[in-house]
Amino acid sequence: MYSQEVSSTSYGYRLNDNRNLRFTEAEKVHTEVTIGARYGQAKGVSSFGGSIQATRVWTPSGWFAGQAGVLVSTVYAGDYGALADIMAVAGVRFGNKVYFGLDALVGTGQMALYDESSNGASTHRYYNSQWRMKVGGQASINFRLTEKVTLGVFGRYLYTFNDEGNRSYQQPEGWEAVGTIFYDNRWSVGLSLTFNILKESQLSGDNCWTAGAYFGYSFLGNKGFVIGAEMSHFKRTGARGGRLLGFGSEQIIGDNKSTNSVFGKAGYQVLPWGAGSPVIFEFGAKAGIGEYIKAGEAATESGSFYMKSAIQVPGIVGKAYIGLNIHMGRHSIKLAGEAGYHTCMSTSFEGEGYNGQVTTPLHGWDASATIGYAIAF
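What comes next concerns the included structure. Every chain is numbered on its own, with residues counted from 1 as its sequence reads. Note on the predicted model: pLDDT of at least 70 is required for a residue's local features to be given, and 80 or more for side-chain atom pairs to be given and counted; whole-chain, interface and lining totals, by contrast, use all residues. Hydrogens and water molecules were not included; the side-chain quantities draw on all heavy atoms of the structure.

**A closer look at the pattern of salt bridges**
One side chain can pair with another of opposite charge once the charged atoms of both are near each other.
Item 1. Salt bridge, as used here: a side-chain nitrogen of Lys or Arg that lies within 4 Å of a carboxyl oxygen of Asp or Glu. Per the stated rule, a full pass over the model turns up 9 salt bridges.
Item 2. Glu338 is the salt-bridge partner of Lys286, the closest N and O atoms lying 2.9 Å from each other. Residue Lys286 is located in strand S17 (residues 279–300), and its partner Glu338 is located in strand S19 (residues 331–344); the two are separated by 52 residues in the primary sequence. In this structure, Lys286 and Glu338 share a single accessibility class: buried.
Item 3. Residue Glu338 pairs with Lys319 through a salt bridge whose shortest N-O separation is 2.8 Å. Going along the chain from the N terminus, every DSSP run of H or I of four or more residues is numbered as a helix, and every run of E of two or more is numbered as a strand. Only protein chains enter the accessibility calculation, which uses a 1.4 Å probe; a residue whose area is less than 20% of its type maximum is buried, one above 50% is exposed, and one in between is partly exposed.

In structure tokens:
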């Protein structure tokens, strides 16, 4: 089938005298992007949300395949706000026109919780979330609508590693703590559409996926330390540049508060010296949804309880970003800065005998600087 200069591989074929000239064949390996909508519950609290998953699929036979990828999801759970998970995915599937899938999940995400205090006549509930390690699994039944589009029905369960003793909520003076409820484990069901990228492609720096993590500091909007992870696809479109599309999740840890966001990004990379450029410039835009810290006030009608504190409200944000990548083959050190604007939805909160509302502006500017690492595959 191949000449002496070409070798067959598990993913396609390669030219023996040039490692960069490796090619996939669609019947052996391809990429899938899955968009899902779901409903879930944790101890009776309902949530609604969506997810995006990028998966590499290996198909050694017509009825069996293996897959690995990344899943980013977010849900909105009423008083608890937006909650996100970012998970690594690995699994198998059986079947062809209709196939059954099983996946293992491991990663991190937000766990909802609330604390309750009482003075006998009134109660106060404090809604929040904490970042925790999670493991779980998902099962799906999938129906191929066309060669490139698949409809799926899935169920997912996530177990949270939670230390219930690691909680230091301070109730108001004269009040007693009733207790803390942790919504640690969550199940969900939903529908998905999978788009199969069934085409031969070159496996090289000219057409590759990158995954990375970064940290830094946010000094406008939500202020605090930034921790994030993202996944992007780069496609070289010319001798000295190419487009970039990706998605990710970000956490900002401030004073006794943490906020979460998920985003999509589109950009362009400039390679001044071509594919071997030791320095790569990048610019583009990001858009997403997340939580923002806003001040809130509440009081009982009698004045026996008054609260002024920070609460989390959901918002939409758009940003422009610039970056400098120190390029070392498959590895890159990434320096980046970004700035933009957010707008939040108003909210109110209440307990038995009191009520309150947000008291600070629902709109504002965002800005942060980060450093990170990424690997191409």
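Once you've had a look at it, read on.
**Things to note about the pairing of strand S10 (residues 149–160)**
Item 1. Burial along S10 is one-sided: the residues Thr150, Gly152, Phe154, Arg156, Leu158 and Thr160 are buried and none of Val149, Leu151, Val153, Gly155, Tyr157 and Tyr159 is.
Item 2. A strand pair is defined by DSSP finding two or more bridges across the two strands. Judged from the 11 bridges that link them, strand S9 (residues 123–144) and S10 form a sheet pairing that is antiparallel. For Ser140, the partnering residue across the bridge sits in S10 and is Phe154.
Item 3. Once S9 ends, the chain turns through 4 residues before running back antiparallel as S10.
Item 4. Looking at chain direction, S10 and strand S12 (residues 186–197) are connected through 10 bridges and run antiparallel. Counterpart to Leu158 in the pairing with S12 is Arg186.

**As for the pairing of strand S4 (residues 29–42)**
Item 1. Note that S4 and strand S5 (residues 45–58) share 14 bridges and pair antiparallel. Note on S5: the bridge partner recorded for Thr34 is Gln53.
Item 2. Following S4, the chain reverses through 2 residues before pairing antiparallel with S5; Lys43 in that reversal takes a positive phi of roughly 50°.
Item 3. For S4 and S12, the ladder comprises 11 bridges, and the chain directions are antiparallel. When the sheet's bridge partners are listed, Tyr39 is paired in S12 with Val189.

**Considerations on the environment of His363**
Item 1. Inspection of the secondary structure puts His363 in strand S22 (residues 363–376).
Item 2. On the basis of relative accessible area, His363 is assigned to the partly exposed category, the value being 42%.
Item 3. The spacing of His363 and Ile316 is 47 residues in sequence and 9.6 Å in space, taken between C-alpha atoms.
Item 4. Non-local contacts of His363, meaning those with residues more than four positions away in its chain, are made with Lys294, Tyr341, His342, Thr343 and Cys344.
Item 5. Nitrogen and oxygen atoms within 3.5 Å of one another constitute a polar contact, given that in protein one can donate a hydrogen and the other can accept it, and given that sequence-neighbouring residues count only through two side-chain atoms. A polar atom in the side chain of His363 sits 2.6 Å from the side chain of Thr343. Pairs of residues are marked as contacts when any of their non-hydrogen atoms sit within 4.5 Å.

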